[in-house]
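What follows is the residue order along each chain.
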Amino acid sequence: IRCHQQQFITCARPSLVKRMHSYNHVSMIIMQAFALCLLLSLLKLQLSVVAFTSPTKCVSRCHYQLLHLAPQQLGEFKPINLVGDEEKQIDRSTRGVWLYDFVSDTQEDNRIPYEEAWDLQKRLMEQQLSRIGKRPKDPPLYDQFVPLGVNKKEGIESNSLLGCDSIIILQHDPVYTLGTASDTSFIHDYDDNGDNESRIPIVRIERGGEVTYHGPGQLTVYPILDLRGYNQDIHWYMRALEEAILLALEKAGVAGATREEDVTGVWVSNKKIAACGVKLKRWVTMHGVAVNVDIRSLENFEGIVPCGLEGREVTCVNDAIDGKQYTLQEFAIHMKAALEEIFGITLLSAA
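All of the points below concern the structure found in this document.

Conventions adopted
- Residues numbered from 1 in each chain as written.
- Predicted model: local features only at pLDDT ≥ 70, side-chain atom pairs only at ≥ 80, totals over all residues.
- Heavy atoms only, no water.
- Buried < 20%, exposed > 50% of the residue type's maximum accessible area, 1.4 Å probe, protein only.
- Helix = DSSP H or I, 4+ residues; strand = E, 2+ residues; numbered from the N terminus.
- Pairing = 2+ DSSP bridges.
- Core = buried A, V, L, I, M, F, W, Y, C linked by side-chain atoms within 4.5 Å.
- Contact = heavy atoms within 4.5 Å.
- Axes fitted to C-alpha atoms, helices over the stretch in contact; angles between N-to-C directions.
- Polar contact = N/O pair within 3.5 Å; in protein donor to acceptor, adjacent residues only side chain to side chain.

### Describing the pairing of strand S5 (residues 166–170)
The two faces of the sheet receive side chains in turn, since in a regular strand these alternate between them. Burial within S5 is extensive, with 5 of its 5 residues counted as buried. Side chains Ser166, Ile168 and Leu170 of S5 all project onto a buried face; the interleaved residues Ile167 and Ile169 project onto the opposite face, where all are buried too. The sheet contact formed by strand S4 (residues 96–101) and S5 spans 4 bridges and is parallel. Looking across to S5, one finds that Asp101 is bridged to Ile169. Where S5 lies against strand S9 (residues 218–224), 5 bridges are found, and the strand directions are antiparallel.

Okay, structure coming up:
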């Protein structure tokens, strides 16, 4: 039996080997076809670009196709007293927030260099994070809101309350800022070799969104807030910032200000009047909003595609109303009142 089995295997082996070669040849063809399909897919993916600011836009230096942008206008705004499962009473007098006001306390055209304000934001955020602690189960060292009747000198100069919620209000020297994933193609005549010294300074920061401009005549607001005391929802926070801008514009007499579907910011007559861009770390916010107030704020927007929105124009408060022309200090009054109302807080001078 063993001899017959061996003879059978020996006789069958040539045809078996032949079939194995045939199978290997077919397998190789299949693998080559699969590799070709994978290569084509990668090439197709390389020709596709995804960005994050508006439904459609075109980058002048993109050689392939129109960019299709992810919608940003997500979530909805609810008044702070309606956040959660049931309506709650908000006592603004017990929710003090430090105000670093570099606009209203001076009649001069006070401008803050961008890096200086950025450093202040980072210091305030780090103080907030130190107050909160690294482990979620640990209670914060003290409350995020400034206690009622606190002595400003004791609270600020002793550093005992620097980790409380804060808001910075200012205007900048001219600067273009880029978000973490911003495309420099939205800056006209940008030099990839870094030879941009004769231009307006360009700073890449840790917020979201595309390129924007800050400068004289524009009111910039940087809230450093712990969202645990408001609503732990970044989309709610973005909509709340927009709501504060809308309320401030209404107080100033600007008619027709609105949001637009799928993009952030505030618009008047199809022109952008205010931009929003933020960063969160462990639910603490930084960066914020910029509202164009007087005509000076529009001077350098022609050097960029603002927020990556191709073909869209910008405007300012004084272009959107008839009659009264606002100074930055005057509009800041409305902005501060709107922030207090929307976030249910009382602003306390930290100057």
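### Remarks on the nonpolar core
Ranked by size, the top nonpolar core spans 48 residues in total, and within it Ile167, Leu219, Tyr230, Phe331, Met335 and Phe343 carry the most contacts. Going through the elements one at a time, S4, S5, S9, helix H4 (234–252), strand S11 (263–268), strand S12 (271–281), strand S13 (284–292) and helix H6 (328–343) are the ones with two or more residues in this core. At 12 residues, the largest contribution of residues to this core is made by H4. Ignoring sequence-local partners within four residues, the contact set of Ile167 consists of Val97, Trp98, Leu99, Tyr100, Val221, Tyr222, Pro223, Leu225, Leu339, Ile345 and Leu347.

### Points about the sheet that holds strand S8 (residues 212–214)
The 3 strands are arranged S7-S6-S8 in an open sheet whose pairing can be described as mixed. Two strands in the sheet have a free side with no partner beyond their single neighbour: strand S7 (202–204) and S8. The average undirected angle you get between the axes of adjacent strands in this sheet is 30°. The sheet contact formed by strand S6 (residues 175–178) and S8 spans 3 bridges and is antiparallel. Paired with Thr177 across the strands is Thr212, a residue of S8. The strands that helix H2 (residues 114–132) touches are S6, S7 and S8; relative to S7, the one it contacts most, it runs at about 20°.

### As for the side chain of His287
Within the fold, His287 resides in strand S13. Within the local environment of His287, its side chain forms a polar contact with the side chain of Glu206, the two groups lying 2.9 Å apart. Not counting chain neighbours up to four residues away, the residues in contact with His287 comprise Tyr114, Trp118, Gln121, Ile205, Glu206, Arg207, Val221, Tyr222, Pro223, Gly277, Val278 and Lys279.

Geometry only, nothing functional implied.
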